[in-house]
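# Residue-level structure breakdown
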Amino acid sequence: DTGVSQNPRHKITKRGQNVTFRCDPISEHNRLYWYRQTLGQGPEFLTYFQNEAQLEKSRLLSDRFSAERPKGSFSTLEIQRTEQGDSAMYLCASSLPGTKNTEAFFGQGTRLTVV
Amino acid sequence: AQSVTQLGSHVSVSEGALVLLRCNYSSSVPPYLFWYVQYPNQGLQLLLKYTTGATLVKGINGFEAEFKKSETSFHLTKPSAHMSDAAEYFCAVDSGTYKYIFGTGTRLKVLA
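The paragraphs below set out a description of the structure included in this document.

Judged by nonpolar contacts, the single largest core of 26 residues is most densely connected at B:Trp35, B:Leu48, B:Leu76 and B:Tyr89. At the level of secondary structure, the elements contributing two or more residues to this core comprise β2 (10–14), β3 (19–21), β5 (32–38), β6 (44–50), β8 (64–68), β9 (73–78), β10 (87–94) and β12 (106–111) of chain B. Ranked by size, the runner-up nonpolar core spans 19 residues in total, among them A:Val4, A:Ala67, A:Ala88 and A:Cys92.

Next up on the list: the interface of chain A and chain B. Listed per partner, the contact involves 22 residues of chain A and 18 residues of chain B. Summed over both partners, the interface of chain A with chain B buries about 1800 Å², with 49% contributed by carbon and sulfur atoms. The shortest N-O distance in the salt bridge between A:Glu103 and B:Lys49 comes to 3.2 Å. Those elements giving two or more residues to the side of chain A that touches chain B turn out to be β4 (31–37), β5 (44–50) and β9 (88–95) of chain A. Split into classes, the residues belonging to the side of chain A that touches chain B amount to nine nonpolar, eight polar and five charged.

Throughout the structure, instances matching the rule amount to eight salt bridges over all chains. One salt bridge in this structure joins A:Arg64 and A:Glu83, with 3.4 Å as the shortest N-O distance. Placement of the pair is A:Arg64 in the loop between β6 (53–57) and β7 (65–68) and A:Glu83 in the loop between β8 (75–79) and β9, with a sequence separation of 19 residues. Look at A:Glu83 and you get partly exposed, because its relative accessible area is 41%. B:Glu88 serves as the salt-bridge partner of B:Arg107, at 2.9 Å between the closest nitrogen and oxygen. Highlighted residues: B:Arg107 in strand β12 and B:Glu88 in strand β10, separated in sequence by 19 residues. For B:Glu88, a relative accessible area of 12% corresponds to the buried category.

All names here are of chain A. A sheet is described by the order of its strands in space; here four strands give the open sequence β1-β3-β8-β7, paired in antiparallel fashion. Since the sheet does not close on itself, it has two edges, and those belong to β1 (5–7) and β7, each with one partner. Pairwise comparison of adjacent strand axes, ignoring direction, gives a mean angle of 15° for this sheet. Taken together, the four bridges between β7 and β8 define a ladder with antiparallel strand orientation. The residue of β8 that forms the bridge with glutamate 68 is threonine 76.

Procedures and definitions
Residues numbered from 1 in each chain as written. Chains lettered and ligands numbered in written order. Predicted model: local features only at pLDDT ≥ 70, side-chain atom pairs only at ≥ 80, totals over all residues. Heavy atoms only, no water. Core = buried A, V, L, I, M, F, W, Y, C linked by side-chain atoms within 4.5 Å. Buried < 20%, exposed > 50% of the residue type's maximum accessible area, 1.4 Å probe, protein only. Helix = DSSP H or I, 4+ residues; strand = E, 2+ residues; numbered from the N terminus. Contact = heavy atoms within 4.5 Å. Buried area = accessible area lost by both parts, 1.4 Å probe. Salt bridge = Lys/Arg side-chain N within 4 Å of Asp/Glu carboxyl O. Nonpolar A, V, L, I, M, F, W, Y, C, P; charged D, E, K, R; others polar. Pairing = 2+ DSSP bridges. Axes fitted to C-alpha atoms, helices over the stretch in contact; angles between N-to-C directions.

Structure follows, in structure tokens:
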């Protein structure tokens, strides 16, 4: 069990560029979540996958954001035409199915800075 | 709708003193409650969780929390603070909808 892995750890990009982040969940976890954390705030839910199906998207996830989880394994989060307001830590988490196992394990995050 | 309120965005304690971080929640159904710790530029690490059963929950690093339904609270405590406890702490609620609602966090400072 190597934990949830996120790459890259840090990304600096110019406004208007596209960026893509990757998350590798714990291997037997079929639930995968993306959260965004801005400075001084708690993480905010963005989206959730169960296997390869994206079951819910927060209204925080504008149409510039897209997330995929092909084959129900790793996931990618892409931001198109980045804006300075997108600067944040993007956290990925995974968990086992079932209401008694809702503990989510978080990765170390990808810190995005848009300049 | 679920929500979490953490009173005190910053808490300072002396090394060896009691740590008390406050969390109140709002949930229309019996909640699952969590405390996570975050060190600078790191992800979140689970300290402890309450799902059902015993209302006093013990976690890692000597932390514990008590679920009080009548007060809708889930305060985090540690009898004796250590320098290594300095970090940001987040309370979260999950009402069975698979997504967590986090509080805004409490930054704990431990004074030598």
